[in-house]
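Results of the structural survey
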Amino acid sequence: MTQYVAGIDLGGTNISAIFMDAEGQTHGWVTWPTEAARGPAEVINRIISLTKFLMDKNSITAQQLRGIGLGVPGLVNSREGRSVFSPNLPGWRDIPVAGLVAAGTGVPVLIDNDVRMAAWGEKLLGAGRDREDVICLTLGTGIGAGIFIQDKLYTGRDESAGEIGHVTVEKDGPRCSCGNYGCLEMYASGRGIARRMRAAIAAGAASLVLDLAHGDAGSITAAMVCQAAARGDQAAEQVIKETAVYLGIALAGLANILNPQRIVLGGGVMGAGELLLAPVRRVVRERAMPLNREVEIVAAELGDLAGATGAAAIARKEFMLGEERATWTW
Ligand SMILES: [Zn+2]
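Residues numbered from 1 in each chain as written. Predicted model: local features only at pLDDT ≥ 70, side-chain atom pairs only at ≥ 80, totals over all residues. Heavy atoms only, no water.

Quick look at the domain arrangement of the protein now. By a frequent convention, interface size equals the accessible area lost on bringing the separate parts together. Domain assignment breaks the protein into domain 1 (4-119 + 304-320) and domain 2 (130-300). Relative placement of domain 1 and domain 2: their C-alpha centres are 27 Å apart. Of the roughly 850 Å² buried between domain 1 and domain 2, counting both surfaces, carbon and sulfur atoms make up 48%. Sorting the residues of domain 1 by area buried against domain 2 places Val115, Arg116 and Ala119 first, and these three jointly supply 62% of that buried surface. Remark: the boundary between domain 1 and domain 2 carries two salt bridges. For Glu159, the salt bridge identified is with Arg116, shortest N-O distance 3.7 Å. (Domains from an automatic or database assignment. Buried area = accessible area lost by both parts, 1.4 Å probe. Salt bridge = Lys/Arg side-chain N within 4 Å of Asp/Glu carboxyl O.)

Take a look at the structure:
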């Protein structure tokens, strides 16, 4: 009887789930809307229903499911299986998610922060798989990172390490939701890119982006900026280049501190592809110390599947192979 684990990625918009077998092969990806506005109890019910739906669909019985790995956005206490606080999920404060999902599905559950789960996906099965010292960034609505040192995830004492989105890159920059000013997230996240594009248009720049947004500057997204830049729109290209400079400054700092072999960049902003990657590499080469500037900077490989895949891979290690989680602990 084939055994499986499930990997689930809980996001502010969607919940995605996937199965993984003992060999590490993935099966049957499904995604549902989160309906986060209905509150934590309803979202947890949806996670449980999605798991059961996926089991039925793939003819997997309760005896075949060994465990679940679950990625949760925001601050997570993985040792206690608790979601401490999640800004994108209304009402999520101090929710014992792991216990609730375990009770609803009848199988053991481990949780971690969604960015770290995506980082695990890339580290074990994606663009970071053949390197020991790897930093995996997710450039989405916000910016986060998973830092691997000698194959182990560095979480810090309070599981709050990897907040590269809140490193200052502009001393007089706009105020960030974290309370600081000029955070990387204000420039290189999806929101930051859209904000700077709107500012350029307000300052008089002509851009195809405004057409893509049907003339409504308020509805400009980072995806539109990437699309216009790919078509040669100069104002959009300028915004992407500037994004690369801010990102490069932060990555050069990271490279100097940690001397990683590889930095993997994923998330929606990477829709810009080489348009963003090439100048980021250049800025890091210009700004980091010799040796540290040799770091490989590559695009992530797993796309939207990274979070669920990483969660499944960690669940497989813990519940199927009986391995201890490879995390630096205190
Ligand atoms: Zn911040």
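Moving on to the coordination of the zinc ion. His166 (ND1), Cys176 (SG), Cys178 (SG) and Cys183 (SG) make up the full set of protein donors to the zinc ion, lying at 2.0 to 2.4 Å. Geometry at the zinc ion is tetrahedral, judged from its four donor atoms and the angles of 103 to 121° they form at the metal. Positions of the donor residues of the zinc ion, expressed as sequence spacing, correspond to H-x9-C-x1-C-x4-C. Judged by its relative accessible area of 6%, Cys176 is buried. (Donors = N, O, S within 2.8 Å, 3.2 Å for Na, K, Ca; no water. Tetrahedral: all angles 85-135°; square planar, octahedral: opposite > 155°, others 65-115°. Buried < 20%, exposed > 50% of the residue type's maximum accessible area, 1.4 Å probe, protein only.)

With 14 residues, helix α9 (residues 274-287) should reach 20 Å at 1.5 Å per residue; the first-to-last C-alpha distance of 19 Å fits that figure. The set of residues buried in α9 consists of Leu276, Leu277, Pro279, Val280, Val283 and Val284. (Helix = DSSP H or I, 4+ residues; strand = E, 2+ residues; numbered from the N terminus. Expected span 1.5 Å × (residues − 1).)

Now for the sheet that holds strand β1 (residues 4-10). Read from one edge to the other, the open sheet built from five strands follows the order β3-β2-β1-β4-β8, with strand pairing classed as mixed. Of all the strands in the sheet, the pair left with one neighbour each is β3 (26-33) and β8 (109-113). Taken pair by pair, the neighbouring strands of this sheet meet at an average axis angle of 15°, ignoring direction. When β1 meets strand β2 (residues 14-21), the two strands line up antiparallel, connected through seven bridges. (Pairing = 2+ DSSP bridges. Axes fitted to C-alpha atoms, helices over the stretch in contact; angles between N-to-C directions.)

For the coordinates displayed, the defined rule picks out 20 salt bridges. Note that Arg157 is salt-bridged to Asp158, the shortest N-O span being 2.8 Å. Where Arg196 meets Glu242, a salt bridge forms, and the shortest distance between an N and an O atom there is 2.8 Å. Of this pair, Arg196 sits in helix α5 (residues 190-202) while Glu242 is found in helix α8 (residues 234-258), placing the two residues 46 residues apart along the sequence. In this structure Arg196 comes out as buried when scored by relative accessible area, which is 7%. Under the relative-accessibility criterion, Glu242 is labelled partly exposed at 32%. Among the charged side chains, a network of salt bridges with common partners joins Glu35, Arg38, Glu42 and Arg46.

This part takes up the nonpolar core. Counting 52 residues, the largest nonpolar core has Leu137, Leu251 and Leu265 as its most contacted members. Looking at which element gives the most residues to this core, the answer is α8, with twelve residues. Setting aside anything within four residues of it in sequence, one finds Leu251 in contact with Leu137, Ile164, Ile263, Leu265, Val280 and Val284. By size, the runner-up hydrophobic cluster in this structure holds 31 residues, among which are Ile8, Ala17, Val76 and Val97. (Core = buried A, V, L, I, M, F, W, Y, C linked by side-chain atoms within 4.5 Å. Contact = heavy atoms within 4.5 Å.)

Looking along a regular strand, one sees the side chains alternate between the two faces of the sheet. Of all eight residues in strand β4 (residues 65-72), seven are buried; the element is thus mostly enclosed. Direction of pairing for β1 relative to β4: parallel, over a ladder of six bridges. In the strand pairing of β4, Asp9 is matched with Gly71. Across five bridges, β4 lies against β8 in parallel orientation. By the bridge assignment for β8, Gly69 is matched with Leu110.

One pass over the full model with this rule turns up four aromatic pairs. Aromatic pair Trp120 and Phe148: ring centres 4.8 Å apart, planes at 70°, arrangement edge-to-face. Of this pair, Trp120 sits in helix α3 (residues 114-125) while Phe148 sits in strand β10 (residues 143-149), placing them 28 residues apart in sequence. Accessibility assignment for this pair places Trp120 and Phe148 in one class, buried. Note that Lys152 overlies the ring of Trp328, its terminal NZ or CZ placed 4.3 Å from the centroid. (Phe/Tyr/Trp six-rings, centres within 6.5 Å; stacked < 30°, edge-to-face > 60°. Lys NZ or Arg CZ within 6 Å of the ring centre and 35° of its normal.)

Moving on, we get to the sheet that holds strand β5 (residues 75-77). Taking strand neighbours across the sheet as the criterion, the three strands line up as β5-β6-β7 in an open arrangement whose pairing is antiparallel. Both edges of this open sheet fall to β5 and β7 (93-95), since each of them pairs with a single strand only. Put simply, the sheet's adjacent strands are angled 20° from each other on average, direction ignored.

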